[in-house]
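Chain and residue survey
Spelled out, the chains give:
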Amino acid sequence: MDIKKIEHIGIAVKDLEASKKYYEEVLGLECYAVEEVADQKVKTAFFMVGETKIELLESTQPDGPIGKFIEKKGEGIHHLAFAVNNIEGQLAEAKEKGVRLIDETPRSGAEGLDIAFLHPKSTHGVLTELCEDKNK
């Protein structure tokens, strides 16, 4: 697999506004974007830390992936995302190596990225996201 960098770390939160306040007022980070991704039932807020982003994720529906995650595990780190080129090829390579895919093909994610997830049962417990910015 050809990983370019850590694209972002996704953190599941119950209350996006309260969590944003902590990252801004306590940690001194600046939220540069808030976005709702309706098909994923999530609202996101992004912060830059060097070249890596922190993505806060609040569920917009209790039955959404983030809502279910928080119900089961509570707030906290949800996933680790890597920037890649040729996301389709990276998915094929992962599948060829026996990794269980959540997404067989990429889908649209926040910030206009193409994204796909690898199942945590195949990645030693870490939900892994691959991201490609086709505009770069």
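Note: the structure precedes this text.
Summarised in this report is the structure supplied together with it. Keep in mind that what you see is a predicted model, and the values were worked out from it rather than measured. (Residues numbered from 1 in each chain as written. Predicted model: local features only at pLDDT ≥ 70, side-chain atom pairs only at ≥ 80, totals over all residues. Heavy atoms only, no water.)

For the rest of this paragraph, the subject is the state of the cysteines. In the structure shown here, the tally under the stated rule is 0 disulfides. Cys-31 forms no disulfide, and the closest cysteine sulfur to it belongs to Cys-131, at a distance of 18 Å. A relative accessible area of 16% means that Cys-31 is categorised as buried. Among the residues examined, Cys-131 registers a relative accessible area of 2% and is labelled buried. (Disulfide = S-S within 2.5 Å. Buried < 20%, exposed > 50% of the residue type's maximum accessible area, 1.4 Å probe, protein only.)

Each regular strand shows side chains that alternate between the opposite faces of the sheet. In this sheet, strand β5 (residues 76-84) lies alongside strand β1 (residues 3-13) in antiparallel orientation, the contact comprising 8 bridges. Bridging from a neighbouring strand, Gly-10 pairs with His-79 of β5. Examined bridge by bridge, β5 and strand β8 (residues 128-132) share 4 bridges and lie parallel to one another. Directly across from Phe-82, in β8, lies its bridge partner Leu-130. (Pairing = 2+ DSSP bridges. Helix = DSSP H or I, 4+ residues; strand = E, 2+ residues; numbered from the N terminus.)

Listed as buried for helix α1 (residues 16-26) are Leu-16, Ser-19, Lys-20 and Tyr-23. Along the axis of α1, the buried residues cluster in a sector spanning 105°; they form a single face. Residues of α1 that are exposed and point over 90 degrees away from its buried face: Glu-25 and Val-26. For α1, the N-terminal cap is Asp-15; the gap from its side-chain oxygen to the backbone nitrogen of Glu-17 is 3.1 Å. Following α1 by one or two positions, Gly-28 has its phi on the positive side, about 75°. (Arc of directions from axis to C-beta. Polar contact = N/O pair within 3.5 Å; in protein donor to acceptor, adjacent residues only side chain to side chain.)

With mixed pairing, 8 strands are arranged side by side in an open sheet as β2-β3-β4-β1-β5-β8-β7-β6. A strand with exactly one partner marks an edge of an open sheet, and here the two such strands are β2 (31-37) and β6 (107-108).

Right, let's get into the pattern of salt bridges. Applying the stated criterion across every chain, the model contains 10 salt bridges. We note a salt bridge from Glu-104 to Lys-95, for which the minimum N-O separation is 2.9 Å. Taking relative accessible area as the criterion, Lys-95 reaches 46% and is therefore assigned partly exposed. Notably, a salt bridge pairs Lys-134 with Asp-114, separated by 3.8 Å at the nearest N-O pair. Here Lys-134, found in the segment after β8, pairs with Asp-114, found in strand β7 (residues 114-118); they are 20 residues apart in sequence, far enough to count as distant. (Salt bridge = Lys/Arg side-chain N within 4 Å of Asp/Glu carboxyl O.)

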